[in-house]
Protein chains: 2
Amino acid sequence: MSVQPSSLRGRPVVALCGGVGGAKLALGLERLIGADLTVIVNTVDDFEHLGLHVSPDIDTVLYTLGGLSDIERGWGRADETWNFMESLGGLGGETWFRLGDRDLAMHVERTRALRAGMSLTDFTTAMARRFGIASRILPMSNDRVETMVMTADGPLPFQRYFVGLQCAPVVKRLEFRNAEHAAASDQVLAALKNPNLAAVIICPSNPYLSVDPILAVSDIRTALERVTAPIVAISPLIGGQAVKGPTAKIMAELGVPADSVAIAGHYRFIDGLIIDETDRADAGKVDMPVHVTSTWMRSLEDRDRLAADCLEFAERLATVERRKVT
Amino acid sequence: MSVQPSSLRGRPVVALCGGVGGAKLALGLERLIGADLTVIVNTVDDFEHLGLHVSPDIDTVLYTLGGLSDIERGWGRADETWNFMESLGGLGGETWFRLGDRDLAMHVERTRALRAGMSLTDFTTAMARRFGIASRILPMSNDRVETMVMTADGPLPFQRYFVGLQCAPVVKRLEFRNAEHAAASDQVLAALKNPNLAAVIICPSNPYLSVDPILAVSDIRTALERVTAPIVAISPLIGGQAVKGPTAKIMAELGVPADSVAIAGHYRFIDGLIIDETDRADAGKVDMPVHVTSTWMRSLEDRDRLAADCLEFAERLATVERRKVT
């Protein structure tokens, strides 16, 4: 495991995170700084399915940090079985969104807890504790925000687009419905307003589908604008492609080049960008501090190393800021 | 397969049925007379669990007649797995009532259908059709009726008593809450009021826990009183014990001898009682026509043979009635 930069030791760090790609880095951070980490997770992919409240990104983060995730498949739980789904198909039920037998317990239990009046934040906290996760995992909001993907084929609810249609329709625009009215939870705001905050890390999640919804919550956006700690984003692109998911496809459809410059332009409020060594040539073109490293997280060591890189980069940025101020 | 008595051929038969024991005979009847059979099933064990509408007896009948049941375990589906339950335990959820991964699909789909406004009757009919079941399987009512078991330890909801406490508390009385207000469905009443009805069979289910609740629905009770076809009950007791379940224990607790005379006394409105050959000595003590046969259904052939016996006995009773009238 890498060593945490000394000046940040014991100071809180916030990570903004979507699903699989982001959760990999969140795991590295959890292993590096444990209880000092707060992960704010996108909930805009949440939806009611089969009468159950499904929170795909929260579950990916919980399972990944809790050591329960299926590394090969990239989502859901390890040692998963699919007998519920097979049986549901036999009854004529909806099978386009696959829920594993083990995973299903989370959705049933969460639905029960929410109906009993528990907040999504408190439920997620209880599950993180149960999984032995040291860091805090916080839904971006307890309020429902829904992505509507405006496509060439018309508007599509997120999971219809993402899972049902495998991201095939051409994206014209994304709408995060109710984002302006959604409130960040007290816990999210407390984490972002902590005066001792050492860094904010924007994980290499899809900027359009996973990070933008978090930023669309006005409380969070405002709190981020006031953060004095360095904000560092990790580009999800490697050589113009995402490791997983439709980031590059969506950028092309929105008429944006799939490169580091575009990612830096998208995250205008950040203090530094981490890009993959494949894209080293982009470093000079980006109008902000850039750190070049390997961002492809294949092994656990890759996750640890990138997490350490993020914090070291944030520390260097903080030093630069301090020098500027002095 | 046994041969259906000729005078009943093509005429409708109604069976009243609880869970496992009753479903065995219902399977024999389904195999014998198929589409001529209507099974009216107890729903008083239904309950909301983990936010899902669970209908234990309906599912036992559906799975049994659909060839999907676990013969060994006696409830639930064959080839069942328990990963949902194991995972739920890991999340701190309630695990005292076990739901298999395959079985769970039924509860999720039914809950979804009921919330969408479908009746329990229509949902059950759709599932029976999907499972290729020829006979009609009808919940006794679309309205909720709940058993409250009044025990020496206080009142207990049915599943707490039956599954949670394994029937250990001493039963003092049974209450079927809302039974007076529950309406039999149109389909149930149509089946019982069919002027061509050949017989009503009361399956060897628990008289107190499974059959009484059906009889407690006043529409059904009234319709049964007006039925002119023979009503035949099969005693669930063999040598003073039920093959499965707490029938004898409850009878002892209620101060009733666990024998054929007590069963006949309990079902005062029936025209004939079928008892096991073990209890042949009881035949003379029962104040109604008795047919003695083997009622223990171990093999599929046993189910077929007992089903044929029931119909033959009903036919004989009808002939006697006709002679009396003539």
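Residues numbered from 1 in each chain as written. Chains lettered and ligands numbered in written order. Predicted model: local features only at pLDDT ≥ 70, side-chain atom pairs only at ≥ 80, totals over all residues. Heavy atoms only, no water.

An unreviewed UniProt entry lists chain A under the name 2-phospho-L-lactate transferase, with Candidatus Afipia apatlaquensis given as the organism.

Caption draft 1: View of the environment of Thr81 of chain B. On the secondary structure map, Thr81 of chain B appears in the loop between helix H2 (56-65) and helix H3 (83-90). You can call Thr81 of chain B partly exposed: its relative accessible area is 21%. Sequence spacing of Thr81 of chain B and Thr228 of chain B is 147 residues, and the spatial spacing of their C-alpha atoms is 46 Å. Discounting residues that sit within four places of it in the chain, Thr81 of chain B has contacts with Asn83 and Asp101 of chain A together with Gly100 and Asp101 of chain B. Within the local environment of Thr81 of chain B, its side chain forms a polar contact with the side chain of Asn83 of chain A, the two groups lying 2.8 Å apart. For Thr81 of chain B, the side chain forms a polar contact with the side chain of Asp101 of chain B, separated by 2.5 Å. (Helix = DSSP H or I, 4+ residues; strand = E, 2+ residues; numbered from the N terminus. Buried < 20%, exposed > 50% of the residue type's maximum accessible area, 1.4 Å probe, protein only. Contact = heavy atoms within 4.5 Å. Polar contact = N/O pair within 3.5 Å; in protein donor to acceptor, adjacent residues only side chain to side chain.)

Caption draft 2: Seen up close, the sheet that holds strand S14 (residues 290-293) of chain B. Residue and element names in this part refer to chain B. In spatial order, the strands read S5-S2-S1-S9-S10-S13-S14; together these seven strands make up an open sheet with parallel pairing. Each edge of the sheet is formed by a strand with only one pairing partner; in this case those strands are strand S5 (136-139) and S14. Put simply, the sheet's adjacent strands are angled 20° from each other on average, direction ignored. Here strand S10 (residues 231-234) pairs with strand S13 (residues 272-276) via three bridges, running parallel. (Pairing = 2+ DSSP bridges. Axes fitted to C-alpha atoms, helices over the stretch in contact; angles between N-to-C directions.)

Caption draft 3: Representation of the interface of chain A and chain B in the model. The interface of chain A with chain B comprises 26 residues on the first partner and 26 residues on the second. Here chain A packs against chain B, burying approximately 2300 Å² in sum over the two surfaces, 60% of which is carbon and sulfur. Across the contact surface, chain A and chain B share two salt bridges. For Glu86 of chain A, the salt bridge is made with Arg102 of chain B, and the minimal N-O distance between the two is 3.0 Å. The interface formed by chain A and chain B contains 14 residue pairs in polar contact (both at pLDDT 80 or more). For the side of chain A that touches chain B, the secondary-structure elements that each account for two or more residues are helix H3 (83-90), helix H4 (101-115) and helix H5 (120-130) of chain A. If you tally residues by element for the side of chain A that touches chain B, the top one is H4 of chain A, at nine residues. (Buried area = accessible area lost by both parts, 1.4 Å probe. Salt bridge = Lys/Arg side-chain N within 4 Å of Asp/Glu carboxyl O.)

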